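Structural overview
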Amino acid sequence: MYDGPRIATTNDALDLIGAAFLGAEVVAVPADRLSDDFFALGTRFAGEVMQKFVNYRLRLAVVGDISRQLADSAALRALVHESNRADHVWFVPDLATLDAKLAGVA
């Protein structure tokens with residue numbers, strides 16, 4: 001269901017952005033395709049990826065269960081909470097939730 005390359009570097013994220021430039025407004029990335037470094041905020045990888053999407057005016061939606069990562073990091077919980085309050089980067093448990101958020105933004 002979530003086939004595709006792992007996103008483990010900033011260049012991987014840029015490749016995804018490049019593919020999305022064919023007309024997408026939102027890029028939904030399965031959480032399990034993101035490297036563990038994305039969820040370890042000390043690596044700054046999540047910030048770099050999120051900033052790239054913002055710079056290119058694309059919304060990023062991380063889709064899937066990240067409860068394990070959230071349980072391990074208060075900083076990640078805060079990031080997810082703040083991101084979900086804005087319009088650029090969302091963390092959602094499933095595509096139905098993403099659809100509902102998109103319907104609310106439109």
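Residues numbered from 1 in each chain as written. Predicted model: local features only at pLDDT ≥ 70, side-chain atom pairs only at ≥ 80, totals over all residues. Heavy atoms only, no water.

Within helix α1 (residues 10-20), burial applies to T10, A13, I17 and A20. All buried residues of α1 lie within an arc of 75° about the axis, which places them on one face of the element. Counted as exposed and oriented over 90 degrees from the buried face of α1: N11 and D15. Next to the buried residues of α1 lie β1 (26-30) and α3 (45-55). (Buried < 20%, exposed > 50% of the residue type's maximum accessible area, 1.4 Å probe, protein only. Helix = DSSP H or I, 4+ residues; strand = E, 2+ residues; numbered from the N terminus. Arc of directions from axis to C-beta. Contact = heavy atoms within 4.5 Å.)

What follows is about the nonpolar core. Counting 23 residues, the largest nonpolar core has F38, F39, L60, V62 and F91 as its most contacted members. For this core, the secondary structure elements donating two or more residues are α1, β1, α2 (36-39), α3, β2 (59-63), α5 (74-85) and β3 (89-92). Ranked by residue count, the leading element in this core is α3, at 5 residues. Here F38 is in contact with F45, A46, V49, M50, V62 and F91, once residues within four sequence places are set aside. Counting 5 residues, the second largest nonpolar core, distinct from the first, contains A61, V63, V92 and L98. (Core = buried A, V, L, I, M, F, W, Y, C linked by side-chain atoms within 4.5 Å.)

Per the stated rule, a full pass over the model turns up 1 salt bridge. Between R85 and E82 there is a salt bridge, with the nearest N and O atoms lying 3.5 Å from each other. Taken together, the residues span about one helical turn, with R85 and E82 both in helix α5 at a distance of 3 residues. Residue E82 is classed as partly exposed on the basis of its relative accessible area of 46%. (Salt bridge = Lys/Arg side-chain N within 4 Å of Asp/Glu carboxyl O.)

Any functional reading would require information that these geometric values do not contain.
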